[in-house]
Amino acid sequence: MSLVIKDLHANVEDTPILKGVNLEIPKGEVHAIMGPNGSGKSTLSKVVAGHEDYEVTSGSVSLDGEDILELDVDERSRAGIFLAFQYPAEVPGVSNANFIRAALQARLPKGEEIDAVAYYKDLYSKMDVLEMNRKFTARAVNEGFSGGEKKRNEILQMMMLDPQYCILDETDSGLDIDALKIVAKGVNAMRSPDRGILMITHYQRLLDYIEPDYVHVMADGQIVKTGGKELALELEESGYDFLKDGGLVNA
Amino acid sequence: MSAEATIDQETQNAIDIDRAKGDFHFPENHKYDAGVGLSTDTINYISDVKNDPDWVRAYRLKAYETFLSKPMPTNWATEDLNNIHFDDIRYYLADGQKPMRNWEDVPAEVLETFERLGVPEQERAFLAGVEAQYDSETAYSSVKEELEKDGVIFVNSTEGLKEHEEIFRPWFGKVIPTGDNKFSALNSAVFSGGSFIYIPKGLKVKHPLQAYFRINSENFGQFERTLIIADEGAEVMYMEGCTAPKFESTTLHSAVVELVAMKGAKIQYVTVQNWSSNVFNLVTKRGLAHEDAEVRWIDCNIGSRLTMKYPGVVMKGERARGEVISIALANDGQHQDTGAKMIHAADNTTSNVVSKSISVGEGRATYRGQVLIPKHLKGCKNNTECDALMINANSKTDTYPAITVRGNQHVTQHEASVSQVSQEMLFYMQQRGISEAAAMSLAVNGFINDLVSEFPMEYSVELKRLIELEMEGSVG
């Protein structure tokens with residue numbers, strides 16, 4: 001049971017960004033992708049989620065053996081893929097409580113309704129893990145949120161939707177150390193043999209709090225190096241210069 | 001996700017089933033039919049059938065002259081008005097029954113119509129009185145007994161002008177003169193039905209009064225005429241709902257609504273209209289607010305081919321307040337041309353306009369506002385906000401605010417915004433598993449959320465449901 005990305009190529013307006021990505025995230029594992037700006041890390045997350053700006057030119061993405069590239073964005077989500085956004089969109093006038101409820105409702109068979117009491121109980125207990133104020137439920141989604149609040153909101157939604165595979169895109173960016181610890185607490189609570197997690201990050205810092213099983217280095221649209229968590233520490237010390245000298249990048 | 005507003009068959013079927021709530025009609029069964037087209041004969045026929053007093057007949061005939069003399073206002077309004085063929089419309093259709101006080105006395109088909117629209121049920125649940133109009137005449141009219149004892153009058157316009165002439169006549173046509181515009185003149189010539197309401201001094205009516213306007217016949221024009229008078233210190237909320245089945249040919253709805261709030265009185269007029277897309281809806285609505293009085297229009301326009309409606313308040317007495325809160329949703333093939341008119345005519349008067357429009361697909365939303373504060377006044381305030389939400393690139397929205405403020409002792413504020421349901425917002429919502437249609441409807445409901453809370457509970461639920469249906473139909 002895993003999320004498998006095979007030889008994935010994708011373009012934005014005819015410019016190739018992903019140039020043959022191979023990656024497998026089995027359930028129960030936490031993987032991290034690191035790499036310099038512009039290497040295609042965020043693009044990979046959006047292509048897997050199904051953003052319409054990206055055109056897949058070849059390769060496949062499969063979820064527990066089922067190809068998902070033909071599915072719409074919402075269908076992929078309901079199939080079990082969650083993306084924690086680097087820059088979550090604002091949804092003016094729609095409260096967080098209603099938004100999350102709509103997302104859960106979308107997973108129920110037609111005619112079935114969310115039990116409101118159980119829903120709020122669940123929501124509040126997860127907000128407590130993330131140390132979020134109860135007033136948060138009535139605020140419009142991401143509107144006027146600080147960077148830290150937005151990221152916590154992403155983790156809250158992830159906890160509520162209980163996805164099989166989570167992709168966290170630069171979740172650590174814009175967080176101070178206290179907020180980072182809280183977010184990490186939420187993600188660690190989500191670690192489970194039934195779930196695969198992929199973290200995309202620019203900095204090693206996040207990995208101090210969420211320890212990955214594997215670290216991949218992405219450069220110029222490909223995974224160029226894979227190792228254990230110690231690879232992140234090496235990168236932290238010596239940076240990505242090896243990419244230039246080591247000839248790891250395809251010519 | 002497609003930018004085109006295409007509808008797959010499955011979605012279409014789903015909508016059609018839901019639409020069926022209002023989209024049905026019964027065979028016509030009219031004892032009185034003024035025939036097709038408009039002439040002095042038509043007007044005399046209506047006056048004869050209704051047994052009008054002479055002053056009303058004269059008023060109608062004079063209004064007909066005014067109607068003929070006024071050009072179609074296509075110099076500022078849409079050319080689509082030229083597609084109304086006055087000679088093809090039927091101006092009066094009725095079965096000759098007087099309004100019934102009990103639902104069981106209402107003809108079976110008419111009763112079934114209003115039952116399917118949920119009117120008797122709403123009456124039992126939360127209304128103080130109901131008037132139900134079917135084509136030209138009121139089929140049912142009833143007000144709670146205790147209100148009748150308190151002196152509340154709630155009848156149709158025909159009964160109002162005959163039985164209560166001493167209250168009706170001094171205000172009839174005074175807030176909106178016949179010649180205000182071509183369609184107010186048309187209404188004045190052929191009006192039938194609508195409500196006449198009088199609330200006595202100091203009486204605060206707790207529950208809303210409701211009117212329901214139903215068109216059942218094709219090629220028909222509905223011209224109800226409503227006059228509401230709240231005497232000194234009185235308070236009332238009036239709600240109006242409207243539907244018509246979808247016919248191939250056009251249908252015209254052209255009402256005139258006049259509100260009179262005496263000193264310290266408060267009138268709230270709530271409209272939720274859901275016309276089918278063959279209806280021309282050209283309505284003139286205005287309130288007169290005396291000293292310390294308040295007139296509020298809360299207006300939601302969904303459906304119709306073309307709606308032109310600019311509720312207004314003339315603030316005639318000191319410290320009078322006027323407010324227009326409006327929501328318009330223009331879907332494919334629809335044009336919502338709405339706005340507000342605020343005329344300050346006394347010191348320290350206050351007006352507030354909040355308008356939100358949503359245009360979908362080829363839908364077009366236009367805001368026209370007029371605020372007038374003359375030079376000799378002092379201490380007047382106006383706040384105008386108009387926000388437009390566009391859904392997909394073909395939508396069109398225009399704003400024509402005209403704020404005329406003379407003198408320097410006033411405060412006015414105007415804000416306008418145009419926003420879109422962005423691709424990133426949709427992607428975000430869909431990534432959470434919400435379908436495109438549901439995401440659209442969430443975004444739209446979010447946009448109007450603060451205004452929906454101004455509607456009575458029962459209507460705000462209905463409103464959200466209507467918007468969901470409209471949005472389901474607008475995405476593939």
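If you're wondering where the values come from, they're calculated on a predicted model, not measured in any experiment. (Residues numbered from 1 in each chain as written. Chains lettered and ligands numbered in written order. Predicted model: local features only at pLDDT ≥ 70, side-chain atom pairs only at ≥ 80, totals over all residues.)

## Description of the overall build of chain B
Note the cut-off: By definition, any uninterrupted DSSP run of H or I lasting at least four residues is a helix, any uninterrupted run of E lasting at least two residues is a strand, and each is numbered from the N terminus. Residues are scored as being in contact if the C-beta atoms we place from backbone atoms lie within 7 Å.
Secondary structure assignment for chain B yields 12 helices and 24 strands. Projected onto its principal axes, the C-alpha positions of chain B cover 65 × 60 × 45 Å. Pairs at least 24 residues apart make up 82% of the contacts formed inside chain B by residues separated by at least 6 positions.

## Points about the overall build of chain A
Using the following cut-off: Every radius of gyration here is taken over C-alpha atoms, with the globule rule written as 2.2 Å times N^0.38, N being the number of residues. To sort residues by exposure, count the other C-beta atoms lying within 10 Å of each residue's C-beta; 20 or more gives buried, 12 or fewer gives exposed, and values between give partly exposed, all with C-beta atoms placed from the backbone.
On a plain count of helices and strands, chain A comes out with 9 helices and 12 strands. Relative to the 2.2 N^0.38 estimate, which gives 18 Å for 251 residues, the radius of gyration of chain A is 18 Å and therefore close to what a compact globule would have. Viewed in the frame of its principal axes, chain A has a C-alpha envelope of about 60 × 40 × 35 Å. Classification of the 251 residues of chain A by burial places 41% in the buried group. Contacts in chain A between residues at least 24 apart in sequence constitute 72% of all its contacts with a sequence separation of at least 6.

## Examining the interface of chain A and chain B
The accessible area lost on association of the parts is a frequent measure of interface size. Condition: Following the grouping adopted for this structure description, the nonpolar residues are Ala, Val, Leu, Ile, Met, Phe, Trp, Tyr, Cys and Pro, the charged ones are Asp, Glu, Lys and Arg, and the polar ones are all others, Gly among them.
On the side of chain B, 20 residues touch chain A, which itself brings 22 residues to the contact. Listing elements by their share of the side of chain A that touches chain B, those giving two or more residues are helix H2 (73-79), strand E7 (91-95), helix H3 (96-105) and helix H5 (147-161) of chain A. Among the residues making up the side of chain A that touches chain B, the classes are represented as 14 nonpolar, 4 polar and 4 charged.

## Regarding the sheet that holds strand E4 (residues 54-63) of chain A
Residue and element names in this part refer to chain A. So the rule is basically this: Any two strands with at least two DSSP bridges between them are considered paired.
If you walk across this open sheet you meet the 4 strands as E2-E1-E4-E5, and the pairing is antiparallel. Of all strands in the sheet, those with a lone pairing partner are strand E2 (15-26) and strand E5 (66-67), marking the two edges. Of the strand pairs in this sheet, strand E1 (residues 2-12) and E4 are connected by 8 bridges, and their pairing is antiparallel. Directly across from Val 12, in E4, lies its bridge partner Tyr 54.

## With respect to the packing of helix H3 (residues 54-69) of chain B against helix H9 (residues 182-190) of chain B
Residues and elements named next belong to chain B. Applicable threshold: Geometry is summarised by axes, namely lines fitted to C-alpha atoms with helices restricted to the contacting stretch, and by angles between N-to-C directions that run from 0 to 180 degrees. The labels follow the angle: roughly parallel below 35 degrees, roughly antiparallel above 145, roughly perpendicular from 65 to 115, and oblique for the rest. Two helices crossing with the near one rotated counterclockwise from the far one by less than a right angle form a left-handed crossing, whereas a clockwise rotation gives a right-handed crossing.
At their nearest, the axes of H3 and H9 sit 7 Å apart, and the two run at 150° to each other. For the element pair H3 / H9, the angle class is roughly antiparallel. Our pair here, H3 against H9, has a crossing hand that is left-handed. Between H3 and H9, the contacting residues are Tyr 59, Arg 60, Ala 63, Tyr 64, Thr 66 and Phe 67 on the first element and Lys 182, Ala 185, Leu 186, Ser 188 and Ala 189 on the second. Classifying every residue of the contact of H3 with H9 gives 7 nonpolar, 2 polar and 2 charged.

## Let's talk about the confidence of the model for chain A
All names here are of chain A. Heads up, the condition is: Each residue carries a pLDDT score, the predictor's own confidence in it, on a scale running from 0 to 100.
With 97% of its residues at a pLDDT of 70 or more, chain A shows a mean pLDDT of 92. Here helix H9 (residues 241-245) stands out as the element of chain A with the lowest mean pLDDT, 69, in contrast to strand E6 (residues 81-84), whose mean of 98 is the highest. Considering only residues more than four positions removed or in separate chains, one finds that residues 247-251, a stretch of pLDDT under 50, has 9 contacts.

## Quick look at helix H5 (residues 119-126) of chain B
Residues and elements named next belong to chain B. Rules: Starting at the helix axis, one direction is taken to each C-beta atom, and the arc is that of these directions.
When H5 is considered as a whole, its buried residues turn out to be Val 119, Gln 122 and Glu 123. The buried residues of H5 occupy one face: seen down the axis, they fall within an arc of 105°. Structural note: H5 exposes Glu 121, Arg 124 and Ala 125 on the side pointing more than 90 degrees away from its buried face.

## Digging into the sheet that holds strand E20 (residues 350-360) of chain B
All names here are of chain B. One open sheet accounts for 10 strands, arranged E4-E3-E7-E10-E13-E15-E18-E20-E22-E24; its pairing is mixed. Of all the strands in the sheet, the pair left with one neighbour each is strand E4 (137-143) and strand E24 (411-420). Sheet twist, expressed as the mean angle between neighbouring strand axes with direction ignored, is 5°. Where strand E13 (residues 266-275) and strand E15 (residues 294-303) come together, 10 bridges link them in parallel fashion. Each bridged residue has a counterpart across the sheet, and for Thr 271 the counterpart in E15 is Asp 299. Packed on one face of the sheet, helix H4 (residues 108-116) meets strand E3 (129-134), E4 and strand E7 (209-214) and runs near 120° to E3.

## What to know about the pairing of E7 of chain B
Residues and elements named next belong to chain B. Within E7, 6 of the 6 residues are buried, which leaves the element mostly enclosed by the surrounding structure. The alternating pattern of E7 places Leu 209, Ala 211 and Phe 213 and Gln 210, Tyr 212 and Arg 214 on opposite faces, both of which are buried. The pairing of E3 with E7 spans 6 bridges and is parallel. When the sheet's bridge partners are listed, Val 130 is paired in E7 with Gln 210. Of the strand pairs in this sheet, E7 and strand E10 (residues 235-243) are connected by 6 bridges, and their pairing is parallel. Each residue of the ladder has a partner; that of Leu 209, found in E10, is Tyr 238.

## Digging into the packing of helix H2 (residues 40-50) of chain B against H3 of chain B
Residues and elements named next belong to chain B. Interhelical geometry of H2 versus H3 gives an angle of 155° and a closest axis separation of 10 Å. Considered as vectors, H2 and H3 are oriented roughly antiparallel to each other. Every pair of crossing elements has a handedness; the one defined by H2 and H3 is right-handed. Contact residues: Thr 40, Ile 43 and Ser 47 in H2; Val 56, Arg 57, Arg 60, Leu 61 and Tyr 64 in H3. Among the residues making up the contact of H2 with H3, the classes are represented as 4 nonpolar, 2 polar and 2 charged.

## Re the environment of Ile 153 of chain B
Residues and elements named next belong to chain B. Structurally, Ile 153 is set in strand E5 (residues 153-156). Overall, Ile 153 belongs to the buried group, with 20 C-beta atoms counted inside 10 Å. With 69 residues separating them in the primary sequence, Ile 153 and Ile 84 have C-alpha atoms 36 Å apart.

## Focus on the environment of Phe 136 of chain A
Residue and element names in this part refer to chain A. Among the secondary structure elements, Phe 136 is positioned in the loop between helix H4 (116-129) and strand E8 (140-141). With 18 C-beta atoms counted inside 10 Å, the residue Phe 136 sits in the partly exposed group. For the pair formed by Phe 136 and Val 217, sequence separation is 81 residues and the distance between their alpha carbons is 37 Å. The contact partners of Phe 136, leaving out residues within four places of it in the chain, are Asn 96 and Met 127.

## Side note on the nonpolar core
Residue and element names in this part refer to chain B. Inclusion rule: By definition, a nonpolar core groups buried Ala, Val, Leu, Ile, Met, Phe, Trp, Tyr and Cys residues that are joined through C-beta atoms within 7 Å.
Among the nonpolar cores identified, the biggest contains 208 residues, and Ile 197, Ala 230, Leu 259 and Ala 261 are the most heavily contacted of them. Ranked by residue count, the leading element in this core is helix H11 (residues 436-452), at 10 residues. In this view, Ala 261 contacts Ala 230, Lys 266, Ile 267, Gly 287, Leu 288, Ala 289, His 290, Ala 293, Glu 294 and Val 295; residues no more than four positions away in its chain are not counted.

## Description of H9 of chain B
Residues and elements named next belong to chain B. Burial within H9 is extensive, with 8 of its 9 residues counted as buried. Three or more residues of H9 are buried, namely Phe 183, Ser 184, Ala 185, Leu 186, Asn 187, Ser 188, Ala 189 and Val 190. If you follow the buried residues of H9, they end up packed against H2, H3, strand E9 (225-230), strand E12 (256-261) and strand E14 (279-289).

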